[in-house]
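As a plain string of letters, each chain reads:
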Amino acid sequence: MTSRALQPKPRGVIVALLAVALVSCATMPGSDPVVVNSEKTTQVAFDVFDAFVTLEHNNRAQLAAVSPEIHKYAEVIRRNGLTWLGTARSLTKAYKTNRTPENKASLLTAVSVLTTAIAESQKYIAQANRASASSP
Amino acid sequence: MAAILPIILQLLTLMPSLMKLAGDLKQSGELTPEQEKALDDALAAAKTAPAWQPDPTT
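Source: prediction; values computed, not measured.

Scoring rules and cut-offs
- Residues numbered from 1 in each chain as written.
- Chains lettered and ligands numbered in written order.
- Predicted model: local features only at pLDDT ≥ 70, side-chain atom pairs only at ≥ 80, totals over all residues.
- Heavy atoms only, no water.
- Helix = DSSP H or I, 4+ residues; strand = E, 2+ residues; numbered from the N terminus.
- Buried < 20%, exposed > 50% of the residue type's maximum accessible area, 1.4 Å probe, protein only.
- Areas by Shrake-Rupley, 256 points an atom, 1.4 Å probe, with all protein chains shown as cover.
- Axes fitted to C-alpha atoms, helices over the stretch in contact; angles between N-to-C directions.
- Left-handed = near helix turned anticlockwise from the far one by under 90°.
- Contact = heavy atoms within 4.5 Å.
- Nonpolar A, V, L, I, M, F, W, Y, C, P; charged D, E, K, R; others polar.
- pLDDT = per-residue confidence, 0-100.
- Phe/Tyr/Trp six-rings, centres within 6.5 Å; stacked < 30°, edge-to-face > 60°.
- Polar contact = N/O pair within 3.5 Å; in protein donor to acceptor, adjacent residues only side chain to side chain.
- Parallel < 35°, antiparallel > 145°, perpendicular 65-115°, else oblique.
- Salt bridge = Lys/Arg side-chain N within 4 Å of Asp/Glu carboxyl O.

A. Summary view of the overall build of chain B. For chain B, the count of helices and strands is 3 helices and 0 strands. Each helix and strand of chain B, ordered N terminal to C terminal, gives the series α-α-α. Here chain B holds 58 residues, and the buried ones make up 34% of them. Of the accessible surface of chain B, which amounts to about 3200 Å², a share of 69% is contributed by carbon and sulfur atoms.

Written as structure tokens, this is what we have:
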């Protein structure tokens, strides 16, 4: 089996899934789109962060040779990711309990932080993928 | 090539995560209490997972 045969296409899959996650507005009748989007974004963010830090942890030396920036951003996620996720969860619960404009604004800010970090993480996952694809 | 092979294999191991992601995206309503607990439990478990521990050398 060659490396070409082994080579997965996670970048395309992730891009497609994130596009659905971040653009989709379809919600069940009676559901609050703000809550649905925040919960969906939190779940996706955790999945992406977890995949990214696991990939970096298990291939640290090889990825450091590809780009030291991958390790740097993995450390950013390790040091802040769970706090960002925890904040989003707390603000989601607060908003579900008391749906005020202030709580909504705070929640949207937390979701925005997660969305940015998802995009950055995905960028570095793609960088690792490109490195593996371009290897001889 | 030998140095890159582990990365390729690791990317393959991401596929279960992506399948889970796809499942998450099917969610069109608010989380049930059970789903909320599962998410909160996953976040709590990550705090002690080896891959989530900061590198003490950086």
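B. Spatial organisation of the packing of helix α3 (residues 33-58) of chain A against helix α3 (residues 33-46) of chain B. Two numbers describe how α3(A) lies on α3(B): the axes approach to 11 Å, and their chain directions differ by 35°. For the pair α3(A) and α3(B), the crossing hand works out as left-handed. Contacts between α3(A) and α3(B) involve Glu39(A), Thr42(A), Gln43(A) and Phe46(A) on the former and, on the latter, Glu36(B), Leu39(B), Ala42(B), Leu43(B) and Ala46(B). Each residue belonging to the contact of α3(A) with α3(B) can be placed in one class, and the counts come to 5 nonpolar, 2 polar and 2 charged.

C. Summary view of the confidence of the model for chain A. All names here are of chain A. Residues with a pLDDT of 70 or more make up 75% of chain A, whose mean pLDDT is 83. At the level of individual helices and strands, chain A shows its lowest average pLDDT in helix α1 (residues 3-6), which scores 36, and its highest in helix α5 (residues 68-97), which scores 97. Here residues 1-9 scores under 50 on pLDDT; set against residues more than four positions off or in separate chains, the count is 15 contacts.

D. Expanded view of the side chain of Asp55(B). Structurally, Asp55(B) is set in the segment after α3. Residue Asp55(B) is classed as buried on the basis of its relative accessible area of 9%. Here Asp55(B) is in contact with Arg60(A), His71(A), Glu75(A) and Arg79(A), once residues within four sequence places are set aside.

E. Focus on the packing of aromatic side chains. Evaluation of the coordinates by the stated rule reveals 4 aromatic pairs over all chains. An angle of 5° between the planes, with centres 6.3 Å apart, marks the rings of Phe46(A) and Trp52(B) as stacked. One end of the pair, Phe46(A), is in helix α3; the other, Trp52(B), is in the segment after α3, on a second chain. With respect to class, Phe46(A) is no different from Trp52(B); both count as buried. Among the aromatic residues, ring-to-ring pairing joins Phe52(A), Tyr73(A) and Tyr124(A) into one connected group.

F. Representation of the environment of Pro33(B) in the model. Residue and element names in this part refer to chain B. The residue Pro33 is located in helix α3 in this model. Residue class for Pro33 comes out exposed when judged on its relative accessible area of 62%. Considering only alpha carbons, one finds Pro33 and Gln53, 20 residues apart in sequence, at a separation of 29 Å.

G. Inspection of the side chain of Ser67(A) at higher detail. Residues and elements named next belong to chain A. Assignment of secondary structure puts Ser67 in the loop between α4 (60-66) and α5. A relative accessible area of 10% means that Ser67 is categorised as buried. A polar atom in the side chain of Ser67 sits 3.3 Å from the side chain of Gln127.

H. Main features of the packing of α3(A) against α5(A). Residue and element names in this part refer to chain A. For the pair α3 and α5, the least separation of the axes is 10 Å and the interaxial angle reads 160°. Regarding the angle of α3 to α5, the classification is roughly antiparallel. Note on packing geometry: the crossing formed by α3 with α5 is left-handed. Considered class by class, the residues forming the contact of α3 with α5 number 15 nonpolar, 6 polar and 5 charged.

I. Region of interest: the pattern of salt bridges. Residues and elements named next belong to chain A. What the rule picks out here adds up to 15 salt bridges over all chains. Arg99 is the partner of Asp32 in a salt bridge, and the nearest nitrogen-oxygen pair spans 2.9 Å. You can see Asp32 sitting in the loop between α2 (10-23) and α3 and its partner Arg99 sitting in the loop between α5 and α6 (101-134), a full 67 residues away along the chain. Judged by its relative accessible area of 14%, Asp32 is buried. In this structure, the salt-bridge partner of Glu39 is Lys96, at a minimum N-O distance of 3.0 Å. Within this pair, whereas Glu39 is found in helix α3, its partner Lys96 is found in helix α5, the two being separated by 57 residues in sequence. Under the relative-accessibility criterion, Glu39 is labelled buried at 1%.

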